[in-house]
Every structure is written in C-alpha cells, then in structure tokens.
Amino acid sequence: MAPLRTYRRKRDFSKSPEPKGRSRSEQSTGKTHRRPLFVVQKHDASHLHYDFRLEIGGALKSWAVPKGPSTDPRQKRLAVETEDHPLDYARFEGVIPEGEYGAGTVMVWDIGRFRPVGKEDEDNDLEKAYERGLIEVELDGRKLRGGYALKKFSGRRKQWLLIKMRDDEADARRNPTSSEPKSALSDRTMHQIARDAED
Ligand code: MN
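So, here's what we can say about the structure. On a predicted model such as this, the values are computed, not experimentally measured, just so you know. Residue positions are given per chain, counted from 1 along the sequence in the order it is written. Residues qualify for local features only when their pLDDT is at least 70, as the model is predicted, and side-chain atom pairs are given and counted only at 80 or more; totals for whole chains, interfaces and linings, by contrast, use all residues. Note: side-chain values were computed over all heavy atoms of the structure, leaving out hydrogens and water.

### Things to note about the overall build of the protein chain
Going along the chain from the N terminus, every DSSP run of H or I of four or more residues is numbered as a helix, and every run of E of two or more is numbered as a strand. Per the secondary structure count, the protein chain includes four helices and nine strands. Written out in order from the N terminus, the α and β elements of the protein chain read α-β-β-β-β-β-β-α-β-β-β-α-α. Burial classes: relative accessible area under 20% of the type maximum marks a residue as buried, over 50% as exposed, and values in between as partly exposed (1.4 Å probe, protein chains only). Out of the 199 residues belonging to the protein chain, those deemed buried represent 47%. We call two residues in contact whenever any of their non-hydrogen atoms come within 4.5 Å of each other. Partitioning the contacts of the protein chain with sequence separation of at least 6, the portion at a separation of at least 24 is 60%. About 10,600 Å² of surface is accessible on the protein chain, with carbon and sulfur atoms providing 45% of the total. Methods summary: accessible areas were calculated by the Shrake-Rupley approach with a probe of 1.4 Å, and residue burial reflects only the protein chains presented.

### Things to note about a positive patch on the surface
Positive charge collects at one region of the surface, where R5, R9, K10, K152, R157 and K158 lie side by side. Assignment of secondary structure puts R5 in helix α1 (residues 5-9). Like charges within 9 Å and nonpolar side chains (Val, Leu, Ile, Met, Phe, Trp, Tyr) within 5 Å are joined into patches, using only residues over 30% in relative accessible area that form no salt bridge. Should a side-chain nitrogen of Lys or Arg be within 4 Å of a carboxyl oxygen of Asp or Glu, the pair is scored as a salt bridge. Counted as positive: Lys and Arg. Counted as negative: Asp and Glu, with His and the chain ends omitted from the count. Positions of charges follow a simple convention, taking NZ of Lys, CZ of Arg, CG of Asp or CD of Glu.

### A short note on the nonpolar core
Among the nonpolar cores identified, the biggest contains 25 residues, and F52, L54, W63, I135, V137, L139 and L150 are the most heavily contacted of them. Apart from residues no more than four positions distant in its own chain, W63 is found in contact with Y50, D51, F52, L54, A79, V80, E81, T82, Y130, I135, L150 and W160. What makes a nonpolar core is a set of buried Ala, Val, Leu, Ile, Met, Phe, Trp, Tyr and Cys residues whose side-chain atoms join them at distances within 4.5 Å. Listed in part, the 13 residues of the second largest apolar core include L60, A90, F92 and V108.

### Topic: the packing of aromatic side chains
Aromatic pairs are defined between Phe, Tyr and Trp rings, using the six-membered ring for Trp, whenever the two ring centres lie within 6.5 Å; interplanar angles under 30 degrees are classed as stacked, those over 60 as edge-to-face, and all others as tilted. Overall, the coordinates contain seven aromatic pairs when judged by the stated rule. A connected cluster of aromatic rings, assembled from ring pairs, spans Y7, F13, Y89 and F92. Whether a charge lies above a ring is judged from NZ of Lys or CZ of Arg, which has to be within 6 Å of the ring centre and within 35 degrees of the ring normal. Between K61 and the ring centre of Y130, over which it is positioned, the NZ or CZ distance is 4.4 Å. Positioned over the ring face of Y148 is K164, at 5.0 Å from the centre of the ring.

### Quick word on the coordination of the manganese ion
Protein-derived ligands of the manganese ion are H43 (ND1), H49 (NE2) and D51 (OD), with the metal-ligand distances lying across 2.1 to 2.3 Å. Coordination partners: N, O, S within 2.8 Å of the metal, 3.2 Å for Na, K and Ca; water not considered, so apparent gaps in a site are possible. Counting gaps between the donor residues of the manganese ion yields the pattern H-x5-H-x1-D.

### A short note on the environment of F38
By secondary structure assignment, the location of F38 is in strand β1 (residues 37-44). Each C-alpha atom of the pair F38 and K61 lies 9.4 Å from the other, and the pair is 23 residues apart in sequence. Once residues lying within four places of it in the same chain are set aside, the contact partners of F38 are R53, L54, D110, I111, G112, R113, F114, L139, D140, G141 and L144.

Below is the structure:
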C-alpha cells in the first residue's frame with residue numbers, strides 16, 4: 001500500500017491548508033545521509049493532544065499523545081498510533097478548517113533531528129524497530145533532548161507508551177508542555193496561530 005494513502009483519503013486538500021505531501025519513495029532525490037527528522041505538533045482538535053512524529057521509511061510515523069511528552073522517566077505517556085504523515089508535514093503550522101478531518105489549530109511545538117540509540121545504519125534499523133514495537137531514539141530538539149523509548153503494548157495493535165529514558169536530559173521537574181508552550185518554529189502561541197489564520 002502507498003504509504004500516504006490513508007493520510008490523503010482522510011483529507012480534502014481543496015479545503016485544508018495541510019500539505020498533500022510526498023513520501024521519500026515518491027521523490028526522485030535518492031538516498032541521503034542526513035539524520036532523520038522528528039516533530040511534536042500540539043493539536044487543539046476535539047481533544048487537545050500532541051502528535052509525536054518520527055521520520056521512518058520515508059514518511060513520518062505518527063502517534064497521538066494525549067498528555068504530551070514528559071521529561072520525567074517515571075511518567076509513561078500513552079501514545080496512540082495514527083496514520084503516516086508526509087515529511088513536509090513536519091513544518092505545518094496553521095488551522096485545519098471546521099468540518100475537516102482533525103479540525104483545529106496545529107503548532108510545531110518541537111522539531112529537530114534524532115538518531116536511533118546505539119545504531120549506525122539508521123533507516124533500516126528504525127523500520128525493524130518499528131515492526132518489533134520498540135523504538136529507542138536520541139532526540140536533538142529545541143525542547144526535547146536525549147533518549148526516548150516508544151514501546152508497543154503487547155497484544156494491542158495501536159497503543160504504545162512514550163517514555164523518557166534515564167540520562168542527563170531526564171528532569172522530573174521541567175514539565176516543558178506547561179513551561180514552554182510556544183511554537184519552536186514561529187514563537188507563536190496557539191491563540192496567535194489561530195488569529196493569524198483568520199487574516
Ligand atoms: Mn492530531
């Protein structure tokens with residue numbers, strides 16, 4: 001199945017400003033050696049949540065995290081797998097109109113590169129890790145840094161846990177979803193993003 005078929009089926013690109021997107025396999029750029037991308041988008045849809053996305057296999061593998069990522073290793077956060085998103089979705093910030101899939105404001109809350117923990121041949125190993133249901137990465141973002149693990153619940157197809165690994169970046173007191181609420185791309189609040197979309 002084409003990796004972005006579900007993503008495109010859910011959306012009307014004549015109404016939503018979201019990117020239609022191309023996966024890497026649909027692009028003609030060939031293999032690159034840059035580190036893969038991660039993004040965390042704050043999404044004020046019917047329920048506020050954070051979309052955690054990792055570049056794996058030419059698309060953004062995606063999880064909806066209701067409480068958002070934590071910097072405290074004891075705070076295991078539920079992460080519900082959602083459809084793959086195109087790579088250019090990583091820089092999407094704006095408002096999905098009323099009546100469209102995912103209607104509401106989207107902010108790029110954090111963005112950066114990551115590397116698989118202890119792995120060199122990045123993309124192959126990431127796809128295997130995803131299939132296995134245990135992905136361990138080291139994030140290099142503006143707000144989130146250091147090791148994070150995504151662990152699939154055994155027997156539950158779409159439910160994972162997002163867990164901060166114990167390292168120098170672990171911090172039980174930091175709580176960045178509260179203390180650092182602005183966009184990592186534009187320094188705007190959710191309210192400012194919504195207001196700017198009205199102009
Ligand atoms: Mn979402």
